[in-house]
Amino acid sequence: MNNNRITAKDKLVAFLKKYGYIFALAILTIVMTIIISVSVTKPQDINEPVDNEPVSFYMPVVNATIEKGFSDTELKFNETLNQWEAHKAVDFKVADKTEVYAVLDGKVIDVQTNYLKGTTVIIEHSNNIKTVYSSLAEDVSVKKGDTVKRGALIGKASNTANSELKTGAHLHFEVLENDVAVDPANYLNIEEK
Ligand SMILES: [Zn+2]
């Protein structure tokens, strides 16, 4: 009699014989999904770019003509001073009182006025870059210590730089990398006239 009794164990065995492959397939599918997702996402995590975005400046002025480009070893003639000199900046000739904007996020580290360069704003950015905006009208829009965003109004171009008086209203714009002047054209899409 005992031999003919169908036990719970027999039922389970019968059930697994009939449907066991479905469980096996389900487990196999789950395992394969995990393997595939790990192998797809892992290289991306490792190769995630950290900080290789090229630095691109906001244009400091619009509707400008490049009056004088950057020169380091090759000298350029300064009509105002009647002499040949290096010009480690770019002069953007603009209408008087044209708005001047910060090219990157940064902090204003100085606002100064001197006879040769006129009113000047100096902004410090990350990556050891500083930008210098000279020949501004004296009523600038920022003060030393201000934090500025890329594209923020910092002042207006004028003709306060006596060393470049004959250029008229313009922005004399310098870029410093580790305090060494470099060609602003490295950061701006500009062409000398
Ligand atoms: Zn200049």
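Residues numbered from 1 in each chain as written. Predicted model: local features only at pLDDT ≥ 70, side-chain atom pairs only at ≥ 80, totals over all residues.

## Looking at the overall build of the protein
Logical step 1: Looking only at helices and strands, the protein features one helix and 12 strands.
Logical step 2: Listed by position from the N terminus, the elements making up the protein come as α-β-β-β-β-β-β-β-β-β-β-β-β.
Logical step 3: Counting across all 193 residues of the protein, residues that qualify as buried make up 25%.
Logical step 4: A separation of at least 24 residues holds for 62% of the contacts in the protein among residues at least 6 apart in sequence. (Helix = DSSP H or I, 4+ residues; strand = E, 2+ residues; numbered from the N terminus. Buried ≥ 20, exposed ≤ 12 C-beta atoms within 10 Å, placed from the backbone. Contact = placed C-beta atoms within 7 Å.)

## Some points on the environment of S71
Logical step 1: Following the sequence through the fold, S71 ends up in strand 2 (residues 71-78).
Logical step 2: For S71, a count of 15 C-beta atoms within 10 Å corresponds to the partly exposed category.
Logical step 3: Along the chain, S71 and V182 lie 111 residues apart, while their C-alpha atoms are 9.1 Å from each other.
Logical step 4: Ignoring anything within four residues of it in the chain, the contact list for S71 reads K76, A86 and H87.

## Focus on the nonpolar core
Logical step 1: Of all hydrophobic cores here, the largest spans 23 residues; its most connected members are V100, A102, V121, Y133, I154 and L171.
Logical step 2: Counting residues per element, the ones that place at least two in this core are strand 4 (90-93), strand 5 (99-101), strand 6 (106-114), strand 7 (118-124), strand 8 (129-136) and strand 11 (170-177).
Logical step 3: Apart from the residues lying within four places of it in its own chain, the contact partners of L171 are P60, V61, F92, V94, V100, Y133, S135 and A157. (Core = buried A, V, L, I, M, F, W, Y, C linked by C-beta atoms within 7 Å.)

## Quick word on the confidence of the model for the protein
Logical step 1: The predicted model of the protein has a mean per-residue pLDDT of 87, with 85% of residues at 70 or higher.
Logical step 2: Every residue in residues 42-50 is under pLDDT 50, and counting partners more than four places away or in other chains gives zero contacts. (pLDDT = per-residue confidence, 0-100.)

## Here's the deal with the pairing of strand 2
Logical step 1: Counted residue by residue, strand 2 has zero buried out of eight residues, so it is predominantly exposed.
Logical step 2: Both strand 2 and strand 3 (residues 83-87) contribute to a ladder of four bridges, which runs antiparallel. Within strand 3, the residue paired with F77 across the bridge is W84.
Logical step 3: Counting the residues in the hairpin turn of strand 2 and strand 3 gives four residues, including N82, whose phi is positive at 55°. (Pairing = 2+ DSSP bridges.)

## Examining the environment of V111
Logical step 1: Turning to its location among the elements, V111 is positioned in strand 6.
Logical step 2: If sequence neighbours within four positions are ignored, V111 has contacts with V121, V140, V142, K143 and K144.

## What about unusual backbone geometry?
Logical step 1: Positive phi outside glycine occurs at N82, with the angle close to 55°.
Logical step 2: On the secondary structure map, N82 appears in the loop between strand 2 and strand 3.
Logical step 3: The class for N82 is exposed, based on 8 C-beta atoms found within 10 Å.
Logical step 4: One non-glycine residue, N127, adopts positive backbone phi at about 60°.
Logical step 5: Its location among the elements puts N127 in the loop between strand 7 and strand 8.

## Here we look at the pairing of strand 11
Logical step 1: Counting buried residues along strand 11, six of its eight residues qualify, which places the element largely inside the surrounding structure.
Logical step 2: Here strand 4 pairs with strand 11 via four bridges, running antiparallel. Pairing of D91 across the sheet is with H172, part of strand 11.
Logical step 3: Across six bridges, strand 8 lies against strand 11 in antiparallel orientation. Pairing of Y133 across the sheet is with F173, part of strand 11.
Logical step 4: Alignment of strand 11 against strand 12 (residues 180-182), held across three bridges, turns out to be antiparallel.

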